[in-house]
Amino acid sequence: MAVNYKELKNGGFMRQVQKNHFSLRLKVVGGNLTAAQLAVIAEISEKYGDGHVHLTSRQGVEIPFIKLEDVDTVKADLEDGGVDTGVCGPRVRTVTACQGNAICPSGCIDTYPLAVEISDRYFGRELPHKFKFGVTGCMNNCLKAEENDLGIKGGYTVDWIQEACTLCGVCTKACREGALTQTDGKILMDRDKCSNCGRCAKSCPFDAWKSEPGYLVSFGGTFGNLIARGQQFLPIIRDKETLFRVTDAALDFFNRNAKPSERFRVAIERTGWEEFKREMEAAYNG
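Here the structure is a predicted model, which is why all the values come from computation and not from measurement.

Asks: What should I look at first to understand the environment of E69 in this one?
Replies: Its location among the elements puts E69 in the loop between β4 (61-67) and α3 (71-80). Separated by 49 residues in sequence, E69 and N20 place their C-alpha atoms 8.5 Å apart.

Structure below.
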């Protein structure tokens, strides 16, 4: 019976150099696994692999040395244990994320629930080529948002509360962009210099800054054979409805304009950044 290697790869089973052995990619959204899932993965690795797993550069887990004859059994055992297999090929890959403000003091947004929403909306969708989302919680950019086809970075929109301010100067020292100056008993902000990092609000000991979380989106990042930084040109997005209008429009643009096996950035460059920006701005504006 002929083996459909393409179908196996689409389901996360990647061929090894050893004949009829596969490294199985698992679905690990936002880098999060429960202790129970880890125990299942360990058991599968011991029983059907060679007793080790590989942690990938995109927060994934792969179980190497799965034999061809064990593929269906492994899939069933993983499903019973609450562990999903990943995907390969021309489709939306597993969404990566840092720990966000649920754990990290620097975080501006709650990254993991957002990663789950993105995954539920797009994971496995077939496209002209692979497509990667990355979510990072703040300007420290631990998840390197701009390396992804579509990166989402948490940020703050801030406003100074004069009556609560003691003019201690902590916020002006915390601002790395030189956007804040203290003059004549006031804190003045240059909005053009503000990067939405929120360090002023986070550093203030007197709650003299009102902060509202939002999303900064970059498009067309790649890291591999082609290395390019994603472009961020939209204003900060303050609500998920707008965010998903933009992400829907980005994937639609890719699906309409890319040639088979052409990455998102290459499709944008061939079609034209100005045309792409017009479509994203239209989605942003609703």
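This is not the end of the story, as more comes after the structure.
Asks: Can you help me understand the sheet that holds strand β6 (residues 133-136) in this one?
Replies: Where strands meet in a sheet, backbone hydrogen bonds hold them as pairs that are either parallel or antiparallel. Spatially, four strands are ordered β5-β6-β7-β10 in an open sheet, and the strand pairing comes out mixed. Each having just a single partner strand, β5 (96-97) and β10 (209-219) make up the two edges of the open sheet. Alignment of strand β7 (residues 150-160) against β10, held across eleven bridges, turns out to be antiparallel. Within β10, the position partnered with D159 by the bridge is K210.

Asks: How should the pairing of β7 be read in this particular structure?
Replies: Walk down a regular strand and you will see the side chains alternate between the two sheet faces. Counting buried residues along β7, ten of its eleven residues qualify, which places the element largely inside the surrounding structure. Examined bridge by bridge, β6 and β7 share four bridges and lie parallel to one another. Bridged to V135 within β7 is I152.

Asks: What's the story with the pattern of salt bridges in this structure? I'm lost.
Replies: Pairs may arise between side chains of opposite charge once their charged atoms sit close together. In this structure the tally under the stated criterion is 15 salt bridges. In this structure, the salt-bridge partner of R191 is D159, at a minimum N-O distance of 2.8 Å. One end of the pair, R191, is in the loop between β9 (186-189) and α6 (199-203); the other, D159, is in strand β7, with 32 residues separating them in the sequence. Judged by relative accessible area, R191 falls into the partly exposed class, the value being 45%. Salt-bridge contacts for E212 lead to R238; the nearest nitrogen and oxygen are separated by 3.2 Å.

Asks: Even after reading the chapter, I still don't get the side chain of K277, so can you show me in this structure?
Replies: By secondary structure assignment, the location of K277 is in helix α9 (residues 273-285). At 4.2 Å, E274 is the nearest oppositely charged side chain to K277, a buried residue that forms no salt bridge. Apart from the residues lying within four places of it in its own chain, the contact partners of K277 are Q231 and F233.

Thresholds, definitions, all that
- The numbers attached to residues start from 1 for each chain and follow its sequence in the written order.
- Per-residue local features of the predicted model are confined to residues with pLDDT of at least 70, and side-chain atom pairs are confined, for both listing and counting, to 80 or more; whole-chain, interface and lining totals are unaffected and use all residues.
- Side-chain measures were taken over the full set of non-hydrogen atoms in the model, leaving aside hydrogen atoms and water.
- A run of H or I in DSSP becomes a helix once it reaches four residues, and a run of E becomes a strand once it reaches two; helices and strands are each numbered from the N terminus.
- Two strands pair if DSSP finds at least two bridges between them.
- The classification of residues rests on relative accessible area computed with a 1.4 Å probe and restricted to protein chains. Under 20% of the type maximum is buried, over 50% is exposed, and intermediate values are partly exposed.
- For salt bridges, the criterion is a side-chain nitrogen of Lys or Arg within 4 Å of an Asp or Glu carboxyl oxygen.
- By the counting rule applied here, Lys and Arg register as positive and Asp and Glu as negative, while His and the ends of each chain are not counted.
- Residue contacts are counted whenever heavy atoms from the two residues lie within 4.5 Å of one another.

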